[in-house]
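# Breakdown of the fold
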Amino acid sequence: MRKILMPMAFAATAIVGVWIGNILSENARKNTLDDEEYTTYSLSSDGKIDMLLNMIDLQYVDSVDKNQITEKAMSQILSDLDPHSAYIPADELQIVNDGLSKSFSGIGVQFNIQRDTIMIVSVVRGGPSEKLGIHPGDRIVEVNDTAFVGKEISTDKVVKKLRGKKGSKVKVGIKRTGIDELLHFTIVRGDVPTNSVDASYMIDEGIGYVKVNKFGHGTYSEFRDSLYSLRNQGAHSYMVDLRENSGGFLDTAIAMINEFLHRNDMIVYTEGKAQSRKECRADGRGDFQNDSLVVLIDEESASASEIFAGAMQDNDRAMIIGRRSFGKGLVQTQIDLRDGSAIRLTIARYYIPSGRCIQKPYDNKDEYAKELLNRYVSGELDSDTVKAYGDSVQYFTKKGRVVYGGGGVTPDFIVPRDTVGATPYFVKIHASIYECAFKYVDEHRAVLSEMDLKELCAYLDKQPLCQMAMDYATQNKITTDKPVLKQTQSLIERRMKEYVVRIVLGEEAFYKVYNQSDNVVKYALKKMKK
């Protein structure tokens, strides 16, 4: 049987590639990264795909699910091309697209899965869940009167359960600290905004800070509004934080970059085997062309984040500070298929103004997948050494500074990871710190919710936060000795304080506290003040 099935599987995999070409040529094309419609070509070869599938259906010795074969083959073929071409099944497409949309329909919570249970991390202000009195720290243990806990739950499964059409209902059973019985809520799903700007505030005199988490449909308007608000508060310099920002839409990045560059400055260009060079330059209408700018990046800054940082670096428009970015320089177009699924196909590379492509090598897929891990192991993230990665060819910025491509954007000033206090014990206790913060807020919500940020920080500074976290960890059988505790005590206290602030007052308040001790932010402020 194996000898029969294996050749058939390989054959099906090969011919589905031909079938994809036929579908691409027949369907409307949707480019997720640009407004241009890219040409696709039919790969038909005398109908072999139809013939083989019919032969399998009519004559093969066993019953075969043709749809299942097709789904597997689609994923396999695209995964063999490059790391970012992908097949998205119909039941996953909406969730994938929601991530970069302005809003989606759901219950209005963010969650983590901790100890095989759904823990609500934050509740959208004014959203369906907040209106019913659901709090951060609540645990969802039932969905529609059925237990929903255990090792089998996953983020995808939770999203599919909780999201749905606007106006539809979902019943959840919630376990809340201090209350023995389950709390039951029937939530009417509604529009939930997907904010791109986590924080926007005056971080110092004349300096505005903006934290951007993605480049979605609504990011540009959020970003622009934040800049104007900060200018009205006296900002003439800006710190744009793109750390842990994995990217998004190219046109969104271009619009944001345009606010800072002068007329005719190159922003980016794309080029591929079937795509002629397409340039994008600043139109000179940006309102922040003469303001001082610093951009923060790290190893998780990818794609559109790298275009933003690279355009600023190559035009000598901003200081880039942090750690080397991810290294994604491939452009995908999304092609929607008739059955509701989609293909994201790499159709070009993008090049930042100096002419460099920052895509890191991907000939070895296994090495590509482990590349970030290798940075940790090699000690790169703990070093302040600036060197070329991936591409030894020299490129030049507008003012003639030497830069390199092929391995992400290397900052002008590298700030290593802050590892002070990050002992093995801290790594083990970290999840417990987060859980302990939720427990603490649940037990003191009435008092904490009445405080503003200044009052809350002053109050927390007087609490035995480290001891609370240690006691909670001990209950979960995580212990340490006094010398190790001395090394990590300050870090545990900081994290407890930051997490309590986040739970009570939200993301912006969290970053106001977190940035006070963040080495990259402190280094950037020092440079900006000079």
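Every value quoted in this text rests on a predicted model; they were computed, and no experiment measured them. (Residues numbered from 1 in each chain as written. Predicted model: local features only at pLDDT ≥ 70, side-chain atom pairs only at ≥ 80, totals over all residues. Heavy atoms only, no water.)

This brings us to the overall build of the chain. When helices and strands are counted, the chain shows 17 helices and 21 strands. Considering only contacts in the chain between residues 6 or more positions apart, those separated by 24 or more positions represent 70%. Just so you have it, the chain exposes about 25,900 Å², and 49% of that area is on carbon and sulfur atoms. (Helix = DSSP H or I, 4+ residues; strand = E, 2+ residues; numbered from the N terminus. Contact = heavy atoms within 4.5 Å. Areas by Shrake-Rupley, 256 points an atom, 1.4 Å probe, with all protein chains shown as cover.)

With that out of the way, let us pick up unusual backbone geometry. Phi at Asn144 is positive, roughly 55 degrees, even though this residue is not glycine. Tracing the backbone through its elements, the reader meets Asn144 in the loop between β5 (139–143) and β6 (146–147). The class of Asn144 is partly exposed, set by a relative accessible area of 43%. (Buried < 20%, exposed > 50% of the residue type's maximum accessible area, 1.4 Å probe, protein only.)

Here the focus is the packing of helix α14 (residues 465–475) against helix α15 (residues 482–505). It is at 8 Å that the axes of α14 and α15 come closest, and there the two elements cross at 100 degrees. It follows from the interaxial angle that α14 and α15 lie roughly perpendicular. Two secondary-structure elements touch here, α14 through Leu465, Cys466, Met468, Ala469 and Met470 and α15 through Leu485, Gln489, Ile492, Glu493, Met496 and Lys497. Its residues assigned to classes, the contact of α14 with α15 comprises 8 nonpolar, 1 polar and 2 charged. (Axes fitted to C-alpha atoms, helices over the stretch in contact; angles between N-to-C directions. Parallel < 35°, antiparallel > 145°, perpendicular 65-115°, else oblique. Nonpolar A, V, L, I, M, F, W, Y, C, P; charged D, E, K, R; others polar.)

Across 4 bridges, the pairing between β5 and strand β7 (residues 169–175) is antiparallel. Considered in β7, the bridge of Ile140 is made with Ile174. Across 6 bridges, β7 lies against strand β8 (residues 183–188) in antiparallel orientation. Looking at the pairing, Val172 lines up with Phe185 of β8. (Pairing = 2+ DSSP bridges.)

All right, on to the pattern of salt bridges then. Going through the model one piece at a time under the given rule, you end up with 30 salt bridges. A salt bridge links Lys529 to Asp204, with the shortest nitrogen-to-oxygen separation between them at 2.8 Å. With Lys529 in helix α17 (residues 519–529) and Asp204 in strand β10 (residues 197–204), the pair connects residues that are 325 residues apart, well separated along the chain. For Lys529, a relative accessible area of 58% gives the class exposed. Using a relative accessible area of 25% as the deciding quantity, one classes Asp204 as partly exposed. (Salt bridge = Lys/Arg side-chain N within 4 Å of Asp/Glu carboxyl O.)

Among the secondary structure elements, Ser517 is positioned in the loop between α16 (507–514) and α17. Polar contacts involving the side chain of Ser517 include one to the side chain of Arg494, which spans 3.3 Å. Apart from the residues within four sequence positions on either side, Ser517 is in contact with Asp418, Arg494, Glu498 and Lys522. (Polar contact = N/O pair within 3.5 Å; in protein donor to acceptor, adjacent residues only side chain to side chain.)

Bringing the sheet that holds strand β12 (residues 237–241) into the picture now. Strand pairing in a sheet takes place through backbone hydrogen bonds and is either antiparallel or parallel in direction. The sheet built from 6 strands is open, its strands ordered β10-β11-β12-β15-β16-β21 with mixed pairing. Each end of this open sheet is capped by a strand with a single partner; those strands are β10 and β21 (413–414). Two elements, β12 and strand β15 (residues 292–297), share 5 bridges in a ladder whose sense is parallel. Across the sheet, residue Val240 finds its bridge partner in β15, namely Val295. Sheet strands touched by helix α9 (residues 304–314): β12, β15 and β16 (319–322). Its angle to β15, the strand with the most contacts, is close to 135 degrees. Contacts between α16 and the sheet are confined to β10 and β11 (207–212), with β10 contributing the most and set at about 45 degrees to the helix.

Another aspect to go through is α16. Given 3.6 residues to a turn, an α-helix orients residues that are three or four positions apart in the same direction. For α16, every residue scored as buried is listed here: Ala509, Phe510, Tyr511 and Val513. Considering only its buried residues, α16 is in contact with β10, β11, α13 (453–460) and α15.

It is worth spelling out α13 at this point. All of the buried residues in α13 are Leu456, Cys457 and Leu460. Buried positions in α13, seen along its axis, are confined to an arc of 95 degrees and lie on one side of it. Among the structural elements, α12 (424–448), α14, α15 and α16 are those in contact with the buried residues of α13. Capping the start of α13 is the job of one residue whose side-chain oxygen sits 3.3 Å from the backbone nitrogen of Lys454: Asp452. (Arc of directions from axis to C-beta.)

Moving on: empty space enclosed by the protein. Following the criterion strictly, the structure yields 3 cavities of 30 Å³ or more and no others. By volume, the largest cavity is sized at about 60 Å³. Along the walls of the largest cavity sit Arg323, Arg324, Glu380, Leu381, Ser383, Thr385, Tyr389 and Ile414, which together make up its complete lining. Class assignment for the residues of the lining of the largest cavity results in 3 nonpolar, 2 polar and 3 charged. (1 Å grid on protein atoms, 1.4 Å probe; cavity = no way out; pocket = protein on both sides within 12 Å on 5 of 7 lines; lining within 4 Å. Points joined across faces, edges and corners; volume = space filled by probe spheres on them.)

On to the packing of aromatic side chains, then. The full count for this structure, using the stated rule, is 16 aromatic pairs. Relative to Tyr351, the ring of Tyr269 lies with its centre 5.0 Å away and its plane at 15 degrees, an arrangement referred to as stacked. Here Tyr269 is found in strand β13 (residues 266–272), whereas its partner Tyr351 is found in strand β18 (residues 342–351), with 82 residues between them in sequence. With relative accessibility at 8%, the residue Tyr269 sits in the buried group. Residue class for Tyr351 comes out buried when judged on its relative accessible area of 18%. The interplanar angle of 75 degrees and the centroid separation of 5.1 Å between the aromatic rings of Phe510 and Tyr511 together place this pair among those described as edge-to-face. (Phe/Tyr/Trp six-rings, centres within 6.5 Å; stacked < 30°, edge-to-face > 60°.)

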